[in-house]
Amino acid sequence: MATITEQVKALNEQAKFPPWYLKDLYRYLSAFGVLTAIYMGFRIYQGAYGVSTGLDATEPAFEIYWMRLFNFNVTFVTLFAGVSWGYLWFTRDKNLENLKPKEEIRRYLTLTMWISIYTFAVYWAGSYFAEQDNSWHQVAIRDTPFTANHIIEFYFNFPMYVILGGCAWLYARTRLPLYAKGISLPLTLAVVGPFMILVSVGFNEWGHTFWFREEFFAAPIHYGFVIGVWFAHGVGGILLQGVTRLIELLDGLEETA
Amino acid sequence: MSANLSPRTFRPYTGEKARIARAYDYLVLVLALFLFIGSFHLHFALTVGDWDFWVDWKDRQWWPLVTPLIGITFPAAVQAVLWTNFRLPLGATLCVACLSIGTWIARVFAYHYWNYFPINMVMPSTMLPSALFLDAVLMLSNSLTITAIFGGSAFALLFYPSNWPIFGMFHLPVEAGNSQLTVADMFGFQYIRTGMPEYLRIIERGTLRTYGQIATPLSAFCSALLCTLMYTLWWHIGKWFATTRYLNRI
């Protein structure tokens, strides 16, 4: 049976990887790789210098190994916020009315990737380094709010997931018609609520000016973090918004093999 | 589901459409995995974490009471979304499995390898049997009320027996310094922490101590009652957060 040019084109399209709807797959996987390298790098750094230079905030070595890292972190996250949010804003789609359904489908999948990267950063901040903070406080008396773990947890991890959450919010707002027409309540809750965890650092550290020897995690000064993380359930609403729209878009697409 | 979808939309897709839908599923799966490890773990660690971190905090009055009570929160909220909208009977198991992954990674790398606590001292408890039961009750009953009453109660009541094979050996008595104490207490005395559970022993001087071995079942049943209420509350919290509203301004 003869194969016509259109069929060959279609077959080539099918064989292409990643397919059109996963155009950003490699960038997505690279983001996981870069973030994993950064967070594991921090953990290795803590293992190397935590005990030798991170126990006494008045030591000159603490200034060199930890306060320099603190300054680097604050500078880095500030620049990263400006660059990433600026990029997403200035490259926004100004012609959303004419967006093709296929492109909209692709962007919904890319938005899911953005939210995934956001939740990956939430994992490191909310799970690993958060519990590690308890471990560190059990063996090192806190004499500064800038401990060997806080410098990474509060001044890199927290801002990082806030920035990535902001990226997801901006991506949706600037590239998807429904999110551009109205402000998605669940997406906003899922980004702004965990952002309040960063703000809660102030309440937490103020509380620790009263108690610094006995370290209990189940203490009311930590409840600001807890309430902030409840807002992660907004992701359920994002999922429903996304699925609903994707079904509409997929129903409108022509059947292909 | 919140949107008014026509019955036609529920036909299974084929070809490229099916591949797109499947790709979206996988992306959501990765998203959910990290979301619930990060968020549920933080919520859990900062409310009942101390009981979960340390073997000598695993007492018979507070541990069986507070751990299931906080442990049922996220499962209820996630079930409210996944079961109601997608008929996926795995909300509780997903949350608890994510929590287990997060706690195990932290205990090994943050406690054991960084600060040299023995892994036996910081082993996390498990709520997997409780979560499986909760999902099964919801799936079979398709009822919030039945799941809250029977599933919620079972979630709490199964907690202590599920963990006893793991932690029972640390409750064996030993004699040290002319005092009788448990192996778990010995860990506490050998590895001094700023979070030494002084207050647990003070609490144990209360009236419940005279109840002897009955204290734990009492705590579990108290937890069962509270879990029933907590489940319902968090089901509605989950539903509230899963709004599909768009606002004009914030």
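Above: the structure in question.
Please read all numbers here as calculations on a predicted model, not as lab measurements.

Colleague: Explain the overall build of chain A to me, please; I cannot follow it from the model alone.
Modeller: Along its length, chain A carries nine helices and one strand. For chain A, the α and β elements follow one another from N to C terminus as α-α-α-α-α-α-β-α-α-α. Each of the three principal axes of chain A carries a C-alpha extent, and together these read 80 × 35 × 30 Å. Residues classed as buried in chain A amount to 56% of the 257 residues present. By sequence separation, contacts in chain A at least 24 residues apart represent 78% of the contacts at least 6 residues apart. Distance between charge centres in chain A, computed from 18 positive and 21 negative side chains, equals 10 Å.

Colleague: Any chance you could explain the overall build of chain B here in plain terms?
Modeller: Helix and strand content of chain B: ten helices and three strands. Ordered by position in the sequence, the α and β elements of chain B form the string α-α-α-α-α-α-α-β-β-α-α-α-β. In terms of its C-alpha atoms, chain B occupies a principal-axis envelope of roughly 75 × 40 × 40 Å. Within chain B, buried positions represent 55% of all 250 residues. At a minimum sequence separation of 6, the contacts of chain B that also span at least 24 residues come to 73%.

Colleague: How should empty space enclosed by the protein be read in this particular structure?
Modeller: Rolled over the atoms, a probe sized like a water molecule indicates the empty space that remains. Scanning all chains against the criterion turns up five cavities of 30 Å³ or more. Empty space within the largest cavity amounts to approximately 160 Å³. Around the largest cavity, the lining comprises 18 residues; the ones closest to its centre are A:Asp133, A:Phe154, A:Phe217, A:His222 and A:Phe225. Within the residue set of the lining of the largest cavity, elements represented by two or more residues are α4 (101-139), α5 (150-175) and α7 (185-208) of chain A together with α1 (15-53) of chain B. Taken together, the residues that form the lining of the largest cavity break down as eight nonpolar, six polar and four charged. As a volume, the second largest cavity reaches approximately 80 Å³. Elements that contribute at least two residues to the lining of the second largest cavity include exactly α4, α5 and α7 of chain A together with α1 of chain B.

Colleague: Where do I start with the side chain of A:Thr53 in this structure?
Modeller: Residues and elements named next belong to chain A. Mapped onto the elements of the fold, Thr-53 is located in helix α2 (residues 25-53). With a relative accessible area of 10%, Thr-53 lands in the buried category. Among the polar contacts made by the side chain of Thr-53, one reaches the main-chain carbonyl oxygen of Tyr-49 at a distance of 2.7 Å. Among the polar contacts listed, one links the side chain of Thr-53 to the side chain of Trp-66, at a separation of 2.9 Å. Setting aside chain neighbours within four positions, we find Thr-53 in contact with Ala-61, Phe-62, Tyr-65 and Trp-66.

Colleague: Any chance you could explain the interface of chain B and chain A here in plain terms?
Modeller: Interface size is commonly expressed as the accessible surface area that is lost when the partners come together. At the junction of the two partners, chain B supplies 72 residues and chain A supplies 79 residues. Taken together, the two surfaces of chain B and chain A that pack against each other cover about 7000 Å², and 69% of this comes from carbon and sulfur. Joining chain B to chain A, the criterion identifies one salt bridge. The closest approach of N and O atoms between A:Glu131 and B:Arg107, which form a salt bridge, is 2.8 Å. The interface formed by chain B and chain A contains 26 residue pairs in polar contact (both at pLDDT 80 or more).

Colleague: Looking at this structure, how should I read the pairing of strand β2 (residues 179-182) of chain B?
Modeller: Regular strands show a simple pattern: their side chains alternate between the two faces of the sheet. Residue and element names in this part refer to chain B. Note: strand β1 (residues 173-176) against β2, four bridges, orientation antiparallel. Pairing of Glu-175 across the sheet is with Gln-180, part of β2. Where β1 hands over to β2, the hairpin turn is made up of two residues, of which Gly-177 adopts a positive phi near 60°.

Colleague: Looking at this structure, I do not really get the layout of surface pockets. What am I missing?
Modeller: Put simply, the largest pocket is a space of about 1200 Å³. Lining the largest pocket are 44 residues; nearest its centre among them are A:Leu239, A:Val243, B:Tyr24, B:Asp25 and B:Phe86. The set of elements that each furnish at least two residues to the lining of the largest pocket consists of α4 and α9 (234-252) of chain A together with α1 and α3 (73-86) of chain B. Top element by residues in the lining of the largest pocket is α1(B). It accounts for 13 residues. Here the second largest pocket defines a volume of roughly 770 Å³. Lining of the second largest pocket is provided by 29 residues; of these, A:Arg27, A:Ala31, A:Tyr87, A:Leu88 and A:Trp114 occupy positions nearest its centre. Looking at the lining of the second largest pocket residue by residue, the class counts come to 17 nonpolar, four polar and eight charged.

Colleague: Mind showing me how you'd approach helix α3 (residues 60-90) of chain A here?
Modeller: Side chains three or four residues apart in an α-helix point the same way, a direct result of the helix having 3.6 residues per turn. Residues and elements named next belong to chain A. The terminal C-alpha atoms of α3 lie 44 Å apart, and with 31 residues this matches the ideal 45 Å at 1.5 Å per residue to within 8%. Inspection of α3 places Phe-62, Trp-66, Met-67, Leu-69, Phe-70, Asn-73, Val-77, Ala-81, Ser-84, Gly-86 and Leu-88 among the buried residues, and these make up the whole buried set. In this fold, the buried residues of α3 make contact with α2, α4 and α5.

Colleague: Teacher, can you tell me more about a nonpolar patch on the surface here?
Modeller: All names here are of chain B. A cluster of nonpolar side chains, contributed by Leu-33, Ile-101, Ile-105, Phe-109 and Tyr-113, occupies part of the molecular surface with about 430 Å² of accessible area. A total of four residues in the nonpolar patch trace back to one element, the largest contributor, which is helix α4 (residues 91-115). Turning to its location among the elements, Phe-109 is positioned in helix α4. With relative accessibility at 43%, the residue Phe-109 sits in the partly exposed group.

Parameters and conventions
Residues numbered from 1 in each chain as written. Chains lettered and ligands numbered in written order. Predicted model: local features only at pLDDT ≥ 70, side-chain atom pairs only at ≥ 80, totals over all residues. Heavy atoms only, no water. Helix = DSSP H or I, 4+ residues; strand = E, 2+ residues; numbered from the N terminus. Buried < 20%, exposed > 50% of the residue type's maximum accessible area, 1.4 Å probe, protein only. Contact = heavy atoms within 4.5 Å. Lys, Arg positive; Asp, Glu negative; His and termini not counted. Charge placed at Lys NZ, Arg CZ, Asp CG, Glu CD. 1 Å grid on protein atoms, 1.4 Å probe; cavity = no way out; pocket = protein on both sides within 12 Å on 5 of 7 lines; lining within 4 Å. Points joined across faces, edges and corners; volume = space filled by probe spheres on them. Nonpolar A, V, L, I, M, F, W, Y, C, P; charged D, E, K, R; others polar. Polar contact = N/O pair within 3.5 Å; in protein donor to acceptor, adjacent residues only side chain to side chain. Buried area = accessible area lost by both parts, 1.4 Å probe. Salt bridge = Lys/Arg side-chain N within 4 Å of Asp/Glu carboxyl O. Pairing = 2+ DSSP bridges. Expected span 1.5 Å × (residues − 1). Patch = residues over 30% accessible without salt bridge, like charges linked within 9 Å, V, L, I, M, F, W, Y side chains within 5 Å. Areas by Shrake-Rupley, 256 points an atom, 1.4 Å probe, with all protein chains shown as cover.

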